[in-house]
Amino acid sequence: MTLPALHNTGVFYRRILSQFPQDISLAFAYGSGVFKQHGTSQGQMEKNMLDFVFAVDDPVTWHTMNLLQNRKHYSILKLMGPTKISSIQMNYGASVYYNTLVPVDGRVIKYGVISTDSLIDDLMHWKSMYVAGRLHKPVKMLVQSENGKLRAALVANLKSAVTASFLMLPESCTEDDLFQQIAGLSYAGDFRMVFGEDKSKVANIVKDNIQYFRILYSNILRDCPQVVYKPQQGKLEVDKSPEGQFIQLMALPRTLQQRITKLVDPPGKNRDVEEILLQVAQDPDCGAVVQQGISSIVKSSSVTQSIKGIATAGLWKTVSYSSKKLKKMWRGWRRKPSVSHMS
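What counts as what
Residues numbered from 1 in each chain as written. Predicted model: local features only at pLDDT ≥ 70, side-chain atom pairs only at ≥ 80, totals over all residues. Heavy atoms only, no water. UniProt positions renumbered as here; feature names shortened; annotations may be inferred. Helix = DSSP H or I, 4+ residues; strand = E, 2+ residues; numbered from the N terminus. Buried < 20%, exposed > 50% of the residue type's maximum accessible area, 1.4 Å probe, protein only. Contact = heavy atoms within 4.5 Å. pLDDT = per-residue confidence, 0-100. Pairing = 2+ DSSP bridges. Axes fitted to C-alpha atoms, helices over the stretch in contact; angles between N-to-C directions. Polar contact = N/O pair within 3.5 Å; in protein donor to acceptor, adjacent residues only side chain to side chain.

As recorded in an unreviewed UniProt entry, the chain goes by the name Phosphatidate cytidylyltransferase, mitochondrial, listed as coming from Kryptolebias marmoratus. What the UniProt record of the chain gives under Catalytic activity (unreviewed entry) is the line "a 1,2-diacyl-sn-glycero-3-phosphate + CTP + H(+) = a CDP-1,2-diacyl-sn-glycerol + diphosphate". In its Subcellular location (unreviewed entry) section, the UniProt entry covering the chain states "Mitochondrion inner membrane".

Peer 1: Help me get a handle on the environment of Glu-274, residues and values and all.
Peer 2: Within the secondary structure, Glu-274 sits in helix H13 (residues 273–281). Judged by relative accessible area, which is 44%, Glu-274 ranks as partly exposed. Taking the C-alpha atoms as reference points, Glu-274 and Phe-246, 28 residues apart in sequence, are found 8.9 Å from one another. The residues touching Glu-274, leaving out its near neighbours within four places in the chain, are Phe-246 and Met-250.

Peer 1: Could you give an account of the confidence of the model for the chain, with specific residues and numbers?
Peer 2: Averaged over every residue, the pLDDT of the chain is 86; residues scoring 70 or more account for 83%. Residue range residues 191–198 is modelled with pLDDT below 50. Its contacts to residues more than four positions away, or to other chains, number 25 contacts. Low pLDDT, under 50, characterises residues 336–343; the predicted model gives this stretch two contacts beyond four residues in sequence or across chains.

Peer 1: For the sheet that holds strand S5 (residues 140–144), give the residues involved together with the corresponding values.
Peer 2: Spatially, S3-S4-S2-S1-S5 is the arrangement adopted by the five strands of the open sheet, whose pairing is mixed. Only two strands of the sheet have a single neighbouring strand rather than two, namely strand S3 (96–104) and S5. When strand polarity is set aside, the average angle formed by the axes of neighbouring strands in this sheet is 20 degrees. Sheet topology note: the strand S2 (residues 50–56)/strand S4 (residues 107–115) ladder contains seven bridges and is parallel. Within the sheet, the bridge partner assigned to Asp-51 lies in S4 and is Lys-110. Together, S2, S3 and S4 form the strand contacts of helix H3 (residues 59–69), whose direction differs from that of S4 by roughly 150 degrees.

Peer 1: Describe the side chain of Asn-157, listing the residues and the values that go with them.
Peer 2: Relative to the elements of secondary structure, Asn-157 occurs in helix H7 (residues 148–168). At a separation of 2.9 Å, a polar atom in the side chain of Asn-157 contacts the side chain of Trp-126. Excluding anything up to four places from it in sequence, Asn-157 contacts Leu-123, Trp-126, Ala-132, Leu-135 and His-136.

Peer 1: With reference to specific residues and values, describe helix H5 (residues 116–125).
Peer 2: Looking only at H5, the buried set comprises Thr-116, Ser-118, Leu-119, Ile-120, Asp-122 and Leu-123. Residues of H5 that are buried sit in contact with strand S1 (26–30), S2, helix H4 (82–91), S4, helix H6 (130–134) and H7. A positive backbone phi angle near 55 degrees is found at Trp-126, which sits one or two residues after H5.

Peer 1: Go over the sheet that holds strand S6 (residues 172–174) with me, naming the residues and quoting the values.
Peer 2: Taken together, the three strands give an open sheet; going across it, the order is S6-S8-S7, and neighbouring strands pair in antiparallel fashion. The sheet is open, and its two edges are formed by S6 and strand S7 (227–230), each paired on a single side. Between one strand axis and the next, the sheet turns through 20 degrees on average, direction left out of account. Strand direction decides the pairing type here: S6 and strand S8 (residues 235–238), joined by three bridges, are antiparallel. Looking at S8, one finds that Ser-172 is bridged to Glu-237.

Here's what the structure looks like:
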């Protein structure tokens, strides 16, 4: 199964991509500059920064080429050369190297570079959930190579998002509940949601893009034996029996299973993972334990990646980028009262 590309990527995105080295195994655009979020006008959307992620097979070669083509995009770290840049990319934070506030074709963009292997690892095991979490939500696929392992990992990541969300949802829920739960996975534990992001962000992402969530998830929901999916009514009935929950817990990505094990198993006991997950499956607080496990993954990667971002962006760009985020958060707060007044 290939991930559906969301309508034609258009000349606009191809022109941006053409300005980078072409050796890219996966490229996608995401965020509020690409998808309309509830409460944002078209005009505001066109002013928002465009976010991209490029997965590359060989980061050293890619950064070598990109430094020749786009040296201005890099902070002072460019002086260290492509090998050091790749090493910073691979070994710190969430294995992504971002260049931010880059002017291209009349827009401002930010792009993250990740190695194809690191991306597959994150999609399969939720090691940091940094890029895997972006890919739980609709993105605009611009390039997708024929790499079978990568394609399988993209689908596995979506299935994991559904499974983890089932564990945190009640037995009967709506499509909207599920998609909000999925969209919120990568924000659980992200310190930027406390400071720097609009609090109603998750609801805003889902509200205007529900048709894209359906494109991503409807086949998975139809084929999943743990749920009765009624697309016409937009309703779901999830298997919440201990047996059902155990099957779901056993299907979770490895890192999340390890975090859950750590939360539940007192030090020194050293029981095996299956035994611990069987205990969690029978616990009425099973969903809360899964939520905590996810938060602990996201928390550590969001902090380390943000610290790394200061170095890769440079101080001036970091200050400028953060102030834009705070302005957006402030706009979100000011919109709130009128929204609650309407309901």
